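Each chain, letter by letter, is given below.
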Amino acid sequence: VVKAVNEAGESEASNVAKATTLAPAPTPVVPAAPVVAAEATSDTTIVLTWAAVDGATSYNIYSADTLVANVTETTYTVTALTAETQYCFNVTAVGAKGESAKSEDACATTLATPAELAAPTNLRATIRQDVPDYDYKFEITVAWDAVEGAKGYDVYVNTEKAQDFQMGYTNGTA
């Protein structure tokens, strides 16, 4: 209510105005520590992953007590590691009110360095002429002794990688 005032006195009261105060803004809190998983993806790489943490605007990645990186994503790839070595990492969530406690250790052992492969040996080719119901009327079968550790083979014809041929691999045979 408001009244106007001068030498003659006070006016009648104005209408009543009402207002309601707003609730105070929530107080920011320190985010919770993330739950982190570590997976070795090669002999030199480990991938760390975690779920987003409420209130976090970024994440710090630590190796022991050394800050490795600050990221906004929920994954981080650690590179340039040594083969067959265990590494442990911790992640913290960073928010407006500060940094969370470190996560539990997330550990992984890098994979072994892939072995150099020997060249296939005992390479042989056979040809079959006049193959019925076959567009090219002949069939060439190439075979070789299997190479230990090989996950597949690339076959070359006249120094070109044979990618437009019908190929089927069976125990060192194309």
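Everything below is about the structure printed above this text.
Predicted model only: the values in this text are computed from it and were never measured.

Caption draft 1: Main features of the nonpolar core. Among the nonpolar cores identified, the biggest contains 18 residues, and I46, L48, W50, Y59, I61 and F89 are the most heavily contacted of them. Secondary-structure elements contributing two or more residues to this core are β3 (36-40), β4 (46-50), β5 (56-63), β6 (66-71), β8 (86-95) and β10 (106-109). Top element by residues in this core is β8. It accounts for four residues. Core analysis: the next-biggest nonpolar cluster, separate from the first, contains five residues, W144, V147, V155 and A162 among them.

Caption draft 2: Molecular detail of the sheet that holds strand β7 (residues 75-78). The strand order across the open sheet built from three strands is β3-β4-β7, with neighbouring strands paired in antiparallel fashion. Each edge of the open sheet is held by one strand with a lone partner, namely β3 and β7. Here the average twist between neighbouring strands, direction ignored, is 20°. Alignment of β3 against β4, held across five bridges, turns out to be antiparallel. Bridge assignment links A38 to a residue of β4, and that residue is L48.

Caption draft 3: The pairing of β5, seen in detail. Of the pairings in the sheet, the one linking β5 to β8 comprises six bridges and is antiparallel in character. The residue of β8 that forms the bridge with A56 is G95. What sits between β5 and β6 in their antiparallel hairpin is a turn of two residues, with A64 showing a positive phi close to 60°.

Caption draft 4: Highlighting the state of the cysteines. Inspection of every chain in the model, using the stated rule, returns one disulfide. Across a sulfur-sulfur distance of 2.0 Å, C88 and C107 are joined as a disulfide pair. Here C88 and C107 share a disulfide; its torsion about the S-S bond, 110°, makes the bridge right-handed. Placement of the pair is C88 in strand β8 and C107 in strand β10, with a sequence separation of 19 residues. A residue is classified by how much of its surface remains accessible, and C88, at 28% relative accessible area, is partly exposed. On the accessibility criterion, C107 (32% relative accessible area) is partly exposed.

Parameters and conventions
- Residues numbered from 1 in each chain as written.
- Predicted model: local features only at pLDDT ≥ 70, side-chain atom pairs only at ≥ 80, totals over all residues.
- Heavy atoms only, no water.
- Core = buried A, V, L, I, M, F, W, Y, C linked by side-chain atoms within 4.5 Å.
- Buried < 20%, exposed > 50% of the residue type's maximum accessible area, 1.4 Å probe, protein only.
- Helix = DSSP H or I, 4+ residues; strand = E, 2+ residues; numbered from the N terminus.
- Pairing = 2+ DSSP bridges.
- Axes fitted to C-alpha atoms, helices over the stretch in contact; angles between N-to-C directions.
- Disulfide = S-S within 2.5 Å.

By themselves these figures say nothing about function.
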